[in-house]
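# Secondary and tertiary structure notes
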Amino acid sequence: MVVVPKANGDIRICVDMTNLNEALCRERHILPSVEQSLAQLDGSQVFTKLDARSGFWQIPLSSESRALTTFITLFGRYCFNVLPFGIASGPEHFQRRMSQLLEWLSGVIVHADDVLVCERDRTEHDVRLTAVLTRLQETGLTFNEKCTVAQSEVLFLGHKISAAGIEPDPEKISAITDMPRPQNVAEVWTFLGMATYVGKFLPQFSDTTKPLRDLLAKENDWSWGHMQQVAFDKIKGDLASQRVLYRPHAKTKVSADASSFGLGAVLTQMQDNMEWRPIAYISRSLSDTEQRYAEVEKEALAITWACERLSQYLIGLQFTTETDHKPLLALLGTKALDDLPPRVLRFRLRLLRFTYKMVYVPGKALITADALSRAPIKHPLSEEEQCLEGEVQVSINAVRDNLPASQTKPQQIAEEQQRDHICRQIVQQCKRGWPRQEELPQLLKPYWVHQSDFHCNGDLLMKGQRIVIPETLQPEMLDREIAKTPITTSAGVINGLKSIFFQARGR
């Protein structure tokens, strides 16, 4: 069990269901295709979207299933009475229950925990909505404050739906349409790399990009003129219009990347011609706080943010997430929750509702996500993004506040860490990203295998949820451990403690 504080003062109880999921047989309940769902909207002008409150928790478990969710705490063993988040078979089961609950009601579309009610006029819409709410009330299903009632347009399944028709959600292509123009040759290379990778389906692509490719010639001076701007705008327009309709049964992957100042991601699907085609592009700038994250934390944030922004496509689906940061394969995949650094733990917990497989790809192959992260849309964080940042900071503060040390001791350790040569270098590697082991100085090579565990909590270097002790304070800490050891004269005990503090220094 992992207890996580929330920004509003509440706590969240989380359990890692990875081992249980390996033994589960997932039931087969195919989500309706987007084409089928959108076909039901023909002629509708009034829309209501209902969002179930903590949907999984509204499904009771049988007594036999409850025992399988048992987890251990300091106060005994407990199990869930309702379907917990993180169960691999949960999304399909929830979709089936919701579909059965509202079947035979016309003008009602169910997609995971979202319910859309639509009709041609307000009177007929209200009659239909009353029938839906009556049936839901009989079962005790409740909804949250995100519901929108009797609107002329709503966002649903990645589309803007209104009386005028169905349009792509503009937010899912704004990362392309609002991309700022390149300011130098390096940024032209980045943009053309993405355009070449994604734009292989575009007509006359070579002719369109020629004015931009002329800027790359060494004999040419940098000169951004009318022809370059026209080419740049046309490529962006073509890329935005080349998206294909999302299919819930197709192979799906999310590629996400982080730069020092932005996040970028692209959702792609395998089409009938066995080629990956883009569905949605997203990007955003990092806040001042997020820019101070360690490299691994930024990359973990990119994956988490991308999955949550694209959740309407991903809930209930098995998909692949691509990253160019190898440590994330374990941090967001196989590693136990109680072994994770606090920030990464918070991201991992938010990903429990998704069913994904982490895959490493070299940075040179993560072209689109990399380009979007280097040209992020500059706008204030949304309410949900601010909430995530706040929750992460609350978790970090809780770890520091509950360290087994006096109020002044962490500050003393932080000051000694800043004087310690190795601690300073570890902090630098955390901030800018660890290179390959052979590229490290000899003194840092023993710490390379623990790179994903090191992080900074304010000015304090930590490994997981433990403080890294600099060399000058190790004798003092060793004396304290020996004083707490019943057999203080045993050479074996003393040598064992020395191996912990002096050979691994903070391991």
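About the thresholds
- Residues numbered from 1 in each chain as written.
- Predicted model: local features only at pLDDT ≥ 70, side-chain atom pairs only at ≥ 80, totals over all residues.
- Heavy atoms only, no water.
- UniProt positions renumbered as here; feature names shortened; annotations may be inferred.
- Axes fitted to C-alpha atoms, helices over the stretch in contact; angles between N-to-C directions.
- Helix = DSSP H or I, 4+ residues; strand = E, 2+ residues; numbered from the N terminus.
- Parallel < 35°, antiparallel > 145°, perpendicular 65-115°, else oblique.
- Contact = heavy atoms within 4.5 Å.
- Nonpolar A, V, L, I, M, F, W, Y, C, P; charged D, E, K, R; others polar.
- Polar contact = N/O pair within 3.5 Å; in protein donor to acceptor, adjacent residues only side chain to side chain.
- Left-handed = near helix turned anticlockwise from the far one by under 90°.
- Pairing = 2+ DSSP bridges.
- Patch = residues over 30% accessible without salt bridge, like charges linked within 9 Å, V, L, I, M, F, W, Y side chains within 5 Å.
- Areas by Shrake-Rupley, 256 points an atom, 1.4 Å probe, with all protein chains shown as cover.
- Salt bridge = Lys/Arg side-chain N within 4 Å of Asp/Glu carboxyl O.
- Buried < 20%, exposed > 50% of the residue type's maximum accessible area, 1.4 Å probe, protein only.
- Expected span 1.5 Å × (residues − 1).
- Core = buried A, V, L, I, M, F, W, Y, C linked by side-chain atoms within 4.5 Å.
- Domains from an automatic or database assignment.

The name an unreviewed UniProt entry gives the protein chain is ribonuclease H, with Salmo trutta as the organism. On record in UniProt, under Sequence similarities (unreviewed entry), the comment for the protein chain is "Belongs to the beta type-B retroviral polymerase family. HERV class-II K(HML-2) pol subfamily."

### A few points about the packing of helix H17 (residues 409–419) against helix H18 (residues 421–432)
One way to put it is that H17 packs onto H18 with a least axis distance of 5 Å and a crossing angle of 90 degrees. By the criterion of interaxial angle, the relationship of H17 to H18 is roughly perpendicular. Judged by residue contacts, Gln417, Gln418 and Arg419 of H17 engage His421, Cys423 and Arg424 from H18. Of the residues contributing to the contact of H17 with H18, the split by class is one nonpolar, three polar and two charged.

### Thoughts on the side chain of Gln269
Position of Gln269 among the secondary structure elements: in strand E13 (residues 262–270). Engagement of the side chain of Gln269 in a polar contact is seen with the side chain of Thr252, the distance being 2.8 Å.

### Let's talk about the packing of helix H14 (residues 342–350) against helix H16 (residues 383–401)
At a minimum axis separation of 9 Å, H14 and H16 run at an interaxial angle of 135 degrees. By the angle between their directions, the pair H14 and H16 is classed as oblique. Crossing of H14 against H16: the hand is right-handed. Between H14, through Pro342, Arg343, Arg346, Phe347 and Arg350, and H16, the contact on the second element is made entirely by Leu388, Glu391, Val392, Gln393, Ser395, Ile396 and Val399. Residue composition of the contact of H14 with H16, by class: six nonpolar, two polar and four charged.

### Regarding the sheet that holds strand E6 (residues 108–111)
Where strands meet in a sheet, backbone hydrogen bonds hold them as pairs that are either parallel or antiparallel. Strands sit in the order E6-E7-E3-E8 across an open sheet of four strands; the sheet is antiparallel. Every other strand in the sheet has two partners, leaving E6 and strand E8 (148–151) as the edge strands with one partner each. Neighbour-to-neighbour, the strand axes of the sheet open up by a mean angle of 15 degrees, direction not taken into account. One ladder, built from six bridges, connects strand E3 (residues 46–51) with strand E7 (residues 114–119); its direction is antiparallel. By the bridge assignment for E7, Val46 is matched with Glu119. Most of the contacts of helix H5 (residues 122–139) go to E3, to which it runs at about 20 degrees, and overall it touches E3, E6, E7 and E8.

### Quick notes on a nonpolar patch on the surface
Together, Met1, Val3, Ile11 and Ile13 make up an exposed nonpolar region whose accessible area comes to about 340 Å². Inspection of the secondary structure puts Ile13 in strand E2 (residues 11–14).

### What to know about the pattern of salt bridges
Here the structure, examined in full by the defined rule, presents 15 salt bridges. With a shortest N-O distance of 2.8 Å, Glu416 and Arg419 are connected by a salt bridge. Of this pair, Glu416 and Arg419 are both found in helix H17, three residues apart, which corresponds to roughly one turn of the helix. On the basis of relative accessibility, which here comes to 18%, the residue Glu416 falls in the buried class. Three or more residues are tied together by salt bridges with common partners; here these are Lys335, Asp453 and Lys463.

### A few points about helix H15 (residues 367–374)
Extensive coverage of H15 is indicated by the burial of six of its eight residues. Along H15, the residues classified as buried are Thr368, Ala369, Asp370, Ala371, Leu372 and Ser373.

### Looking at unusual backbone geometry
The backbone phi angle of Ala150 is positive, close to 50 degrees, even though this residue is not glycine. Turning to its location among the elements, Ala150 is positioned in strand E8.

### Description of the sheet that holds strand E16 (residues 355–360)
Taken in spatial order, the five strands line up as E14-E13-E12-E15-E16 in an open sheet, and their pairing is mixed. Two strands close off the open sheet at either side, each with one partner strand: strand E14 (276–285) and E16. The sheet shows a mean angle of 20 degrees between the axes of neighbouring strands, direction not considered. Pairing geometry for strand E12 (residues 252–258) and E13, over seven bridges, is antiparallel. In the sheet register, Thr252 faces E13, and the bridge partner there is Gln269. Packing of H15 onto the sheet brings it into contact with E12, E13 and E14, and relative to E13 it is tilted by some 150 degrees.

### Things to note about helix H11 (residues 295–309)
The first and last C-alpha atoms of H11 sit 21 Å apart over 15 residues, in line with the 21 Å expected at 1.5 Å per residue. Most of H11 is tucked away, with 14 of its 15 residues classed as buried.

### Some details on the pairing of strand E18 (residues 460–463)
By the alternation rule, side chains of E18 split into Leu460 and Met462 and Leu461 and Lys463, which are all buried. Here four bridges tie strand E17 (residues 454–457) to E18, and the two strands are oriented antiparallel to one another. Residue pairing across strands places Asn457 opposite Leu460, the latter belonging to E18. Here two bridges tie E18 to strand E19 (residues 466–467), and the two strands are oriented antiparallel to one another.

### Quick word on the nonpolar core
If you look at the biggest cluster of nonpolar residues, it comprises 44 residues, and the most contacted ones within it are Leu267, Leu310, Leu314, Leu328, Leu332 and Phe354. When residues in this core are grouped by element, the largest group, eight residues, is from H11. Residue contributions to this core reach at least three from each of two domains, namely domain 1 (2–168) and domain 3 (252–393). Leave out the neighbours within four places in its chain, and Leu314 touches Thr252, Val254, Leu267, Cys307, Phe319 and Phe354. Among the nonpolar cores identified, the runner-up in size contains 26 residues, and Leu50, Met98, Val110 and Val115 belong to it.

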